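Coordinate analysis (summary)
If you want the building blocks of each chain, they are given just below.
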Amino acid sequence: MVELTAQPAAFLPDSRKTRYERNIATRESALVKWTILTIGLLFFLIFIFLPLAAVFTEALRKGFDVYWRALVEPDALSAIKLTLTAAVISVPLNLVFGVAAAWSIAKFEFRGKQLLTTLIDLPFSISPVIVGLIYVLVFGASGWFGEWLIERNIKIIFAVPGIVLATIFVTVPFVARELIPLMQAQGKEEEEAAVVLGAKGWQTFWHVTLPNIKWGLLYGVILCNARAMGEFGAVSVVSGHIRGMTNTLPLHVEILYNEYNFAAAFAVASLLALLALVTLVIKTFVEHRVHTQMQGTR
Amino acid sequence: MATTRNFSVLPGFGLSLGYTLVYLSIIVLIPLSAVFIKTTELSFAEFWQVISAPRMVASYKLSFGASLAAGAINAVFGLMLAWVLVRYSFPGKRLVDALIDLPFALPTAVAGISLTAIYARNGWLGQYIEGVFGIKVAFGPLGVLVALVFIGLPFVVRTVQPILEDMETELEEAAASLGAQRWQSFRYVVLPILLPALLTGFALAFARAVGEYGSVIFIAGNIPFVSEITPLMIITKLEQYDYAGATAIALVMLVVSFILLLIINGLQVWAGRRTGRNR
């Protein structure tokens, strides 16, 4: 009789179970369910949770003093500054690009639209190392503009402009790919009504479109910012790793790690991990808003 | 382009499309063309010599082999996690759901050093795996696999999860009422509906894994012929100022990426049609 009383998820009240668990056609036997649940969550624990926990544990292994000193030493501070600089330049640029691209793709019909959408996503499918390489080929000493730049004493590769360019490249698609489906789902009736009633183009965008897309926009910006601050491969190729000058936070982590200064490396890494966690919190919140905004248009 | 568009009362078409094309060209397309132009400096024989060197071939085997294996592992466990997140209730579900995206948000270098710390010989898991089973994870090919599993997991979960959420329970109810066992209704009703999304997730994870650099180089050990990935070979050539060689390898990787992109686009069209028909 034990089998009969041992209902699946017996400790949960019925109202807290998913509709699938209450439906006899969509629920598995308790044994199958707990096996899948255990294996799935174990996999999550080992591959997602453990790496996150390891960052903070290793960072604080030698105590809070060592941790704090690693964060306030001049090289770390200059890395923080450069990372913020790269993000502050690349995020607004890709925000404007994303809005322009989404406006043209979602509100108008033209030939080659599908191709353009694919091209916008292109940076996602290119290895970060190749992104770094192409800027070396264009702006490096032996590159296309190499001589021209040397004559004018302008440094792009192994300097801050190269880092900013590489960051812009890898973050191009983020805002656009959030806005395009959202604006397509919303159609163009509201904007057309505004224009017919005499609104100017910018007024229409500001008062009609923007309120409709603000959560999707924020969502794209959050993801764009996280990638901009965390990019490693592309930036690593064009940086030259000059301490205190062309080091971003992820590159600073690498240098400290390769010097076997693990506590400091993980201390700096924990800053980036915190940034990732904040990103996920905002993302979870905004995702819900985007979802309701999408639904509201149907 | 403008000739084929329908008349629209909305302003800003020329401005927004023009800006989009100019920006995309300056930032992405023109620099990218450098790879193709630079490669023409090599004769085909030289090009072939670079990309078919034994050390390169070893790196292809590792990069593609580990990426395929990681994609397959993620397809199985990603499907399981998506299932768990949609179908079951358990404490901490929202937290697990939010943290699935961690590999997207966590900088790759951070993931790299963290995974190394876990799987090194004196690490949290490494001391047991290496001490008890004698299997070396960090600083070898297995380490590459672990890193690629980490970065690929959200791709599978996030492509399968929405399809599973949208799926009508009527299908399984019909299967059950017609006498199907639970396993049969999963195998013959649910799985065929999920298959396009599952394959898309697998392909996305695979494509990302092939180009991945940051999370892999720390844990791989980077031993020539053993644990060097293809993107690292580009870096190696660059450090020797062999720009033509680096570009030749980049061209091979770009061609592979474009083919993968085409496959993924095709899969997404197929998936869209599949789910559209089932609604």
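A word on the interface of chain B and chain A
- On the side of chain A, 94 residues touch chain B, which itself brings 95 residues to the contact.
- Here chain B meets chain A over a buried area of about 8500 Å², counting both sides, of which 79% is carbon and sulfur.
- At the junction of chain B and chain A, the tally comes to 2 salt bridges.
- Where D101(B) meets K283(A), a salt bridge forms, and the shortest distance between an N and an O atom there is 2.5 Å.
- Counting across the chain B and chain A interface gives 16 residue pairs in polar contact (both at pLDDT 80 or more).
- Per element, the largest residue contribution to the side of chain B that touches chain A is 19 residues, and it comes from helix α1 (residues 13-39) of chain B.
- Within the side of chain B that touches chain A, the residues separate by chemical class into 67 nonpolar, 19 polar and 9 charged.

Comments concerning the layout of surface pockets
- In this structure, the second largest pocket spans a volume of roughly 630 Å³.
- Looking at the lining of the second largest pocket, the elements that each hand over two or more residues are α14 (249-258) and α15 (262-296) of chain A together with α6 (108-119) and α11 (214-220) of chain B.
- For the lining of the second largest pocket, the residue count by class is 13 nonpolar, 7 polar and 4 charged.

With respect to the nonpolar core
- One finds I120(A), Y135(A), F169(A), L179(A), I27(B), Y119(B) and I234(B) to be the most contacted residues of the largest nonpolar core, which totals 173 residues.
- Per-element tally for this core: the top contributor is helix α8 (residues 141-166) of chain B, with 14 residues.
- Residues within four places of I234(B) in sequence aside, it is in contact with V129(A), I130(A), L133(A), A246(B), I249(B), A250(B) and M253(B).
- Formed by 11 residues, the second largest nonpolar core is a distinct cluster that contains Y219(A), L223(A), C224(A) and A228(A).

Notes on unusual backbone geometry
All names here are of chain A.
- The backbone of N153 sits at a positive phi, close to 60°, despite the residue not being glycine.
- Along the chain, N153 turns up in the loop between α8 (146-151) and α9 (160-171).
- For F158, which is not a glycine, the phi torsion comes out positive at approximately 60°.
- With respect to the helices, strands and loops of the structure, F158 is situated in the loop between α8 and α9.
- Given the relative accessible area of 38%, F158 is considered partly exposed.

A word on the side chain of N74(B)
- Relative to the elements of secondary structure, N74(B) occurs in helix α3 (residues 54-87).
- With near-sequence residues (within four places) excluded, N74(B) lies in contact with F43(A), L79(B), L148(B), V149(B), G152(B), L153(B) and V156(B).

How each quantity is defined
- Residues numbered from 1 in each chain as written.
- Chains lettered and ligands numbered in written order.
- Predicted model: local features only at pLDDT ≥ 70, side-chain atom pairs only at ≥ 80, totals over all residues.
- Heavy atoms only, no water.
- Contact = heavy atoms within 4.5 Å.
- Buried area = accessible area lost by both parts, 1.4 Å probe.
- Salt bridge = Lys/Arg side-chain N within 4 Å of Asp/Glu carboxyl O.
- Polar contact = N/O pair within 3.5 Å; in protein donor to acceptor, adjacent residues only side chain to side chain.
- Helix = DSSP H or I, 4+ residues; strand = E, 2+ residues; numbered from the N terminus.
- Nonpolar A, V, L, I, M, F, W, Y, C, P; charged D, E, K, R; others polar.
- 1 Å grid on protein atoms, 1.4 Å probe; cavity = no way out; pocket = protein on both sides within 12 Å on 5 of 7 lines; lining within 4 Å.
- Points joined across faces, edges and corners; volume = space filled by probe spheres on them.
- Core = buried A, V, L, I, M, F, W, Y, C linked by side-chain atoms within 4.5 Å.
- Buried < 20%, exposed > 50% of the residue type's maximum accessible area, 1.4 Å probe, protein only.

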